[in-house]
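Breakdown of the fold
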Amino acid sequence: MEHFDKKAIDQKVAEGLPFAHPLHNRFHLEMPFGLINDPNGLSCAGGEYHIFFQWNPLGCVHKNKCWAHTKTRDFVHYRVPELSLWPSDEHDKDGCYSGCGFAEDGAVRVCYTCNAKNDGVRTSAQRFGTLEADGTVRKDAIAVPDSPDGITEHFRDPYLFYRHGKRYFIIGAQADGEHPRGTALLYEEQKGGWKNRGELKTRLADFGYMWECPNLLRFGDHDVLIFCPQGLPAREYDRQNLYQAGYIVGRMSLDSMDLLQHTKFQELDHGFDFYAPQVVCHEGRHILIGWMGMPDKDEEYPTAEAGWRFSLTMPRVLTLRQGHIYSHPVKELRTLRIESTAKGIDAEMEKSVRETLFAGSEVLLNVMLGEARHVSATLTYGQEKLVFSYDRNEQAVTIDRTGMKKGGRGIRRFRLFADRTLHLHLFVDKTAVEAFFQHGEEAASLFVFPEKEVCPELILESDAPMESVTGCVWELDAIRFDP
Ligand code: FRU
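Residues numbered from 1 in each chain as written. Predicted model: local features only at pLDDT ≥ 70, side-chain atom pairs only at ≥ 80, totals over all residues. Heavy atoms only, no water.

Remarks on the state of the cysteines
This is how the line gets drawn: Working definition: a disulfide is two cysteine sulfur atoms within 2.5 Å of each other. The cut-offs for exposure are 20% and 50% of the maximum accessible area for each residue type, with area from a 1.4 Å probe on protein chains only; residues under the lower value are buried, those over the upper are exposed, and the others partly exposed.
Tallied over the entire structure, the rule returns zero disulfides. Summary of cysteine pairing: Cys 66 is not part of a disulfide, and the nearest cysteine sulfur, belonging to Cys 96, is at 6.3 Å. Between Cys 114, a free cysteine, and Cys 96, which holds the nearest cysteine sulfur, the sulfur-to-sulfur gap is 6.5 Å. Among the residues examined, Cys 114 registers a relative accessible area of 0% and is labelled buried.

So this is what it looks like as structure tokens:
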């Protein structure tokens, strides 16, 4: 087991902020060094949102899984992140894996997976803990020592929820067998501890070999299961990443352990770099934060050369309408707009509109398509480019990263129905780009790693004059880290 010197690590983080390297993002949460992945422990207590995330403070590889912690009241000012939970005993010596957070009697509590490997055999135990005043998580005794019968060693990422005055957690798992199968189990809190209630039944058959990071949410009368299935083949308009992050909507019966009448699986985001999202519900708002990254694709993220890897998405509010989740960055982020930089866009019957962006920008575009059948929004970085295009005949969006030199490339495609107007909302950070289509009906998160340090230019083009293009561009300020 590595030695984690909290004091030295925390000091190094504080010294690395604000970021100096030009490729560091301005309004996406990231660390000055090490590798971050899944958001963990999202919770709200005393008016503060607590955000933990997976972090290897010792290198840019998937090892030494610890939890870092920060908190914010407004998603603009954050506490300087610090090391909060790290491998320290025989249960979690090979990683403090993902888990959830919740407020209890004013305290922030967490539940996480303790990962231990002995002679090639993994033990996955689940354990609760409490965030202390000094920023560290005090670990409780083990609550669930290992995966139950019929479940392999892949048993992780507990997410706590309440129903009818009782507490449960849902957890990602793999059912054993000739063809291991992804699933999620429910545990119910009872007097003597946590009881395995078995698998949550769904109509999803043959749906990957492992489900990671489940979240079980309630939107009015509907239950939403968010999870990350691994092992689904790519299709023409979806499932194009190595692993997926998506959801099904139905009504859960805890008696029959069944998610009844659920929708088909839909992805939460269609970009290249989105995985393992977690949701916290506070005062009726479902706020999602995702990991901007993808497991087993490290070679696509060149910032490791400069000492860090990956970011978190901006926090997004989710709303459910007719079985579909819409998402949009939290309204607090509007305060990042530097109002004096606002540039209005107002064009009629043009085939091309250009705007030079800032080092960090927000772009709102409302395109009345008119006769145009094909529209593209290109971000150019010198000779390099990232293209979002919409084909009205095909009713599909294509995101094309083949025009970038460094980092991951390739194409992603997804269905979108834009009849007469196309609405695009772009957040263009140094390397992280988040795009929202048709007022949050679909989203796409991805990185670009431009070779040149230039502000991108946005070029909107169409095959026939667009009836009108209106919108606005702002420079966005950086989020701030306070001691
Ligand atoms: C998802 C994941 C989780 C696991 C964590 C370890 O990215 O594989 O299933 O708990 O990362 O860092």
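Observations concerning the environment of Ser 256
Applicable threshold: By definition, any uninterrupted DSSP run of H or I lasting at least four residues is a helix, any uninterrupted run of E lasting at least two residues is a strand, and each is numbered from the N terminus.
Relative to the assigned elements, Ser 256 resides in the loop between β16 (246-253) and β17 (258-260). Using a relative accessible area of 30% as the deciding quantity, one classes Ser 256 as partly exposed.

Thoughts on the domain arrangement of the protein
Quick reminder of the rule: Domains are outlined according to an automatic or database domain assignment. Any two residues having at least one pair of non-hydrogen atoms within 4.5 Å are treated as being in contact. As a working definition, buried area equals the accessible area (1.4 Å probe) given up by two parts on being put together, with both sides summed.
Looking at the assigned domains, one finds that the protein contains domain 1 (6-329) and domain 2 (335-482). On the side of domain 2, 50 residues touch domain 1, which itself brings 47 residues to the contact. Summing both sides of the interface, domain 1 and domain 2 together bury roughly 4,300 Å²; the carbon and sulfur share of this comes to 59%. Ranking the residues of domain 1 by area buried against domain 2 places Arg 26, Tyr 237 and Phe 272 at the top, with a combined share of 21%.

Remarks on the pattern of salt bridges
Heads up, the condition is: Here, a salt bridge means any side-chain nitrogen of Lys or Arg that lies within 4 Å of a carboxyl oxygen of Asp or Glu.
Within the structure shown, the criterion is met by 36 salt bridges. Put simply, Asp 258 and Arg 203 hold a salt bridge, and the shortest N to O gap is 2.8 Å. One end of the pair, Asp 258, is in strand β17; the other, Arg 203, is in the loop between β13 (193-199) and β14 (210-219), and 55 residues separate them in sequence. Relative accessible area serves as the criterion here: at 11%, Asp 258 is assigned to the buried category.

Concerning the pairing of strand β2 (residues 48-56)
Threshold: Here the rule is simple: two strands pair whenever DSSP picks up at least two bridges between them.
Across the nine residues that make up β2, a large majority, nine, are buried. Burial along β2 is two-sided: Glu 48, His 50, Phe 52, Gln 54 and Asn 56 facing one way and Tyr 49, Ile 51, Phe 53 and Trp 55 facing the other are all buried. Looking at chain direction, strand β1 (residues 34-45) and β2 are connected through seven bridges and run antiparallel. Looking at β2, one finds that Ile 36 is bridged to Trp 55. Between β1 and β2, which pair antiparallel in sequence order, lie two residues; one of them, Gly 46, sits at a positive phi of approximately 55 degrees. When β2 meets strand β3 (residues 66-72), the two strands line up antiparallel, connected through seven bridges. When the bridges of β3 are listed, Ile 51 appears paired with Thr 70.

Details of the site of the ligand
Stated precisely, the cut-off is as follows: Near residues are defined by distance, with any heavy atom within 4 Å of the molecule or strand qualifying the residue. Residues adjacent in sequence count toward polar contacts only when both atoms are side-chain atoms; beyond that, a polar contact is any pair of N or O atoms within 3.5 Å, and within protein one must be able to donate a hydrogen and the other to accept it. Each accessible area is a Shrake-Rupley estimate made with a 1.4 Å probe; only the visible protein chains count as cover when residues are assessed. Three classes are used, and their members are as follows: Ala, Val, Leu, Ile, Met, Phe, Trp, Tyr, Cys and Pro are nonpolar, Asp, Glu, Lys and Arg are charged, and the others, Gly among them, are polar.
The ligand sits among Asn 37, Asp 38, Gln 54, Lys 65, Tyr 97, Ser 98, Arg 156, Asp 157, Glu 212, Tyr 275 and Trp 291. Note that an oxygen atom of the ligand is positioned 2.9 Å from one of the side-chain N or O atoms of Arg 156. At 2.9 Å from an oxygen atom of the ligand is found a side-chain nitrogen or oxygen belonging to Glu 212. A total of 320 Å² of accessible area belongs to the ligand in isolation, and the protein chains cover 91% of it. When residues of the shell around the ligand are traced back to their parent elements, those giving at least two are β1, β6 (96-104) and β10 (151-163). In terms of residue class, the shell around the ligand is built from three nonpolar, three polar and five charged.

With respect to the packing of aromatic side chains
Selection criterion: Pairing of aromatic side chains here covers Phe, Tyr and the six-membered ring of Trp, requires ring centres within 6.5 Å, and sorts the geometry by plane angle: under 30 degrees stacked, over 60 edge-to-face, intermediate tilted. Each ring is checked for a lysine NZ or an arginine CZ that lies within 6 Å of its centre and within 35 degrees of its normal; such an atom marks a charge sitting over the ring.
Scanning all chains against the criterion turns up 26 aromatic pairs. Ring geometry for Trp 67 versus Tyr 112: centroids 6.0 Å apart, planes at 70 degrees, classification edge-to-face. Remark: Tyr 112 occurs in strand β7 (residues 107-118) and Trp 67 occurs in strand β3; sequence separation between them is 45 residues. Site record: aromatic cluster; members linked through ring pairs are Tyr 243, Tyr 275, Trp 291, Tyr 301, Phe 310, Phe 447 and Phe 449. Positioned above the aromatic ring of Tyr 326 is the side chain of Arg 321, whose terminal nitrogen or guanidinium carbon lies 4.0 Å from the ring centre. Its end group placed over the ring of Tyr 237, Arg 415 keeps NZ or CZ at 4.0 Å from the ring centre.

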